[in-house]
Structure formats: C-alpha cells, structure tokens
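Structure at a glance
Okay, here's what each chain looks like letter by letter:
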Amino acid sequence: MSDPRPIGVFDSGVGGLTVLADIHDRLPYENTIYFGDTARVPYGPRDLAEVRYFAFEIVRYLVDQDVKLIVIACNTAAAAALKALQRSFDVPIIGVVEPGARAAVLETRNRHVGVLATEGTVKSGAYRRAVGSLDAGVKIYEQAAPEFVPLIERGVTGGAELEEPVRRYCDPLMERNVDAVILGCTHYPLISATINRVLGPGVRLISSAGQTSLETARVLSRRGYLRRPEDPEDHGKATYVCSADPVEFAALGSRFLDEEIEAVAPAAVV
Ligand code: DGL
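In short, a report on the structure. Computed from a predicted structure; not experimentally measured.

Attention now moves to the overall build of the chain. What the chain contains, in helices and strands, is eleven helices and ten strands. Taken over the C-alpha trace, the chain has a radius of gyration of 18 Å; the compact-globule value for 270 residues is 18 Å, and the two agree within 12%. A principal-axis box enclosing the C-alpha atoms of the chain has dimensions of 55 × 40 × 40 Å. A buried classification covers 56% of the 270 residues belonging to the chain. Look at the contacts in the chain between residues 6 or more apart in sequence, and 77% of them connect residues 24 or more apart. Accessible surface computed for the chain: about 11,700 Å², of which carbon and sulfur atoms make up 48%. Averaging the positions of the 29 positive and the 36 negative side-chain charges in the chain gives two centres separated by 8 Å.

Strand order in this open sheet of six strands is β4-β3-β1-β2-β9-β10, and the pairing throughout is parallel. The sheet is open, and its two borders are formed by β4 (93-94) and β10 (264-266), each paired with just one other strand. Judged from the five bridges that link them, strand β2 (residues 32-36) and strand β9 (residues 238-242) form a sheet pairing that is parallel. When the sheet's bridge partners are listed, I33 is paired in β9 with T239.

What follows is about the nonpolar core. Formed by 96 residues in total, the largest nonpolar core has its most connected members in F10, F148, Y188 and I195. For this core, the element with the highest residue contribution is helix α2 (residues 48-64), accounting for eight residues. Residues within four places of Y188 in sequence aside, it is in contact with L116, A117, T118, A145, F148, V149, I152, L183 and I195.

Turning to the site of the ligand, a few remarks are in order. Taken together, the neighbourhood of the ligand is formed by 14 residues, with S12, Y43, G44, N75 and T76 sitting nearest. Contact between the ligand and T76: an oxygen atom at 2.6 Å from a side-chain N or O atom of the residue. Between the ligand and T186 there is a distance of 2.8 Å, counted from a nitrogen atom to a side-chain nitrogen or oxygen. Considered on its own, the ligand offers 290 Å² of accessible surface; in the complex 99% of this is hidden by protein.

Before going further, it helps to spend a moment on helix α8 (residues 160-175). In an α-helix, one full turn covers 3.6 residues, which means residues spaced three or four apart are oriented alike. Taking 1.5 Å of rise per residue, 16 residues should cover 22 Å, and α8 covers 23 Å from first to last C-alpha, within 8% of that figure. Where α8 is concerned, the buried positions are L162, E163, P165, V166, Y169, C170 and L173. Where the residues of α8 are buried, they touch β5 (112-117), β6 (139-144), α7 (148-153), β7 (180-184) and α9 (192-199). Note on α8: the residue one or two positions beyond its end, N177, has a positive phi of about 60°.

Counting buried positions along β7 gives five out of five residues, so the element sits mostly inside the fold. Here β7 shows two buried faces, one formed by A180, I182 and G184 and the other by V181 and L183. With three bridges joining them, β7 and strand β8 (residues 204-206) adopt parallel strand pairing. Opposite V181, over in β8, you have L205 as the bridge partner. With α9 bridging β7 and its parallel neighbour β8, the resulting β-α-β unit is right-handed.

The rules behind each value
- Residues numbered from 1 in each chain as written.
- Predicted model: local features only at pLDDT ≥ 70, side-chain atom pairs only at ≥ 80, totals over all residues.
- Heavy atoms only, no water.
- Helix = DSSP H or I, 4+ residues; strand = E, 2+ residues; numbered from the N terminus.
- Rg over C-alpha atoms; globule rule 2.2 N^0.38 Å.
- Buried < 20%, exposed > 50% of the residue type's maximum accessible area, 1.4 Å probe, protein only.
- Contact = heavy atoms within 4.5 Å.
- Areas by Shrake-Rupley, 256 points an atom, 1.4 Å probe, with all protein chains shown as cover.
- Lys, Arg positive; Asp, Glu negative; His and termini not counted.
- Charge placed at Lys NZ, Arg CZ, Asp CG, Glu CD.
- Pairing = 2+ DSSP bridges.
- Core = buried A, V, L, I, M, F, W, Y, C linked by side-chain atoms within 4.5 Å.
- Near = heavy atom within 4 Å.
- Polar contact = N/O pair within 3.5 Å; in protein donor to acceptor, adjacent residues only side chain to side chain.
- Expected span 1.5 Å × (residues − 1).
- Right-handed = clockwise from strand over helix to strand, strands pointing away.

Structure (structure tokens):
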C-alpha cells in the first residue's frame, strides 16, 4: 500500500522550512505542500486568538488539498491552536512544542533549560507546560525575542545587526546557568551560529525539527500512510504556497532550505 497524499506543513513565513528540510531528509518519498503565511508574518506579537484564526484558515486550505497529515511548523501557531485544531479536524496534526520540549529534557544535565521564543509563545506558557509534563523538576527560563523573526524574514542571518539583539536576549538565560536552550521558534535555527557563539560551547541548542520529523514518520508508519514508490528514484514532490510575493519567498526560501525552490503559488486562502 502506498499513500501518495501530501504532508501539509505551515508557518508564518520561511522559518518552518527548517522543519520541512528535516522531513525531506527523513521521508524523501513523501510529497509535501508548504504554506508560508508571508502576508501576515510575524505572528509572535499578535494576539493568540488572532493566530488561532489564521491557523484554522490555513489548516482548512491544506485539508482541501487532501493532505494526510499536518505539521504546524510554527511554535506560535502550535501554542495558540494545536489542541483546538486537533479537536476540530480528523486529519492527524503535529505541533513543534512537545517535540522540542522532549528533546530538551533528554539533553539537559543540570535541569536548567532556557527557551528563546516569540512573545506569543512565551505568553502561552506552552513550553513550561510541555517540559513540566515530562520532568516536573526541570527549571524553565523563557525569553521573548521579538526582533529575530523580522530580521530573518529580511534575510539577516549574521553580522552586527544580529549580534546585539542575540546578546541582549541570551544574557538573562546565561545568568540562570542554563545548559540547554530550546530554539522555540522555527525561524531561529537559521541564526543558530550566532546564538551558539554567544551562549558558548557549554550550552546545547535544541531545535524541534528532528523530533518533529521523527514523530511525523511514526504517525505515517503506524497508520499505513507512507508513500512507497516502486522506483527508489521516484522521490516526493515539494509544492510551495505563500500569501505574499511568491518571487521573494522563492529567493529567501531557496537560501534557507539550501535547495532550489522553483515555483511558489500565491495562496487564495487569506
Ligand atoms: N516560526 C514561527 C514560530 O515558530 C515564527 C512566529 C512569528 O511569525 O513571529 O513561532
């Protein structure tokens, strides 16, 4: 049995491509459809109810494309809407918060864990709950980093412009002696080199991409939803949709995904 339906993946912008890249690596035969809500990025400073509304619109759009599973590759949207979406749709829906929390609990030794995330994610308390449900003894220190997403969406991933906010957001975490920091926004792996340098070698950076793609593979396999082509060269097809300028998305996305995004369709959803 082979299930050719695509996996739907979405984010406010290009950040979720860090999760998509991991899904492509782990599940090369799967077809995927990625939705970047670039007309409304950033989600972080918005009210959680508004983000939930956007997430419902996008999930409806993806369900209309006959996806077999949806990955909310955006911490803010997952924090705002995962549970409500799971209650409302039959399709399996996976967020990024629990996988990131699980990875952090596995990695920390001194059980002091930092979280860098958007204001919305910090306000939601989603990481505090997710980490606490896995190990109630872990101390969590959350830091909102509202300047990161707008910089990354402009293509800034290094240099002096980034260095100053990275130091400002990382200092309070270092004062707490954290030994693991969750990159609680899917955009942040794109600036992990700078964050890593500022935090130093004693602090592990945790991104949820690996655990999220693993979870995706597990769900597809258990449900018998994997695509199994007869020809091993028959890799899955990746489709991209965004709500603002497709040309800009293709240029920035290709850089971040490290592979050529040839065509991006404008979305009629928003
Ligand atoms: N990648 C989104 C996240 O993981 C960014 C949110 C935003 O648009 O501010 O939270």
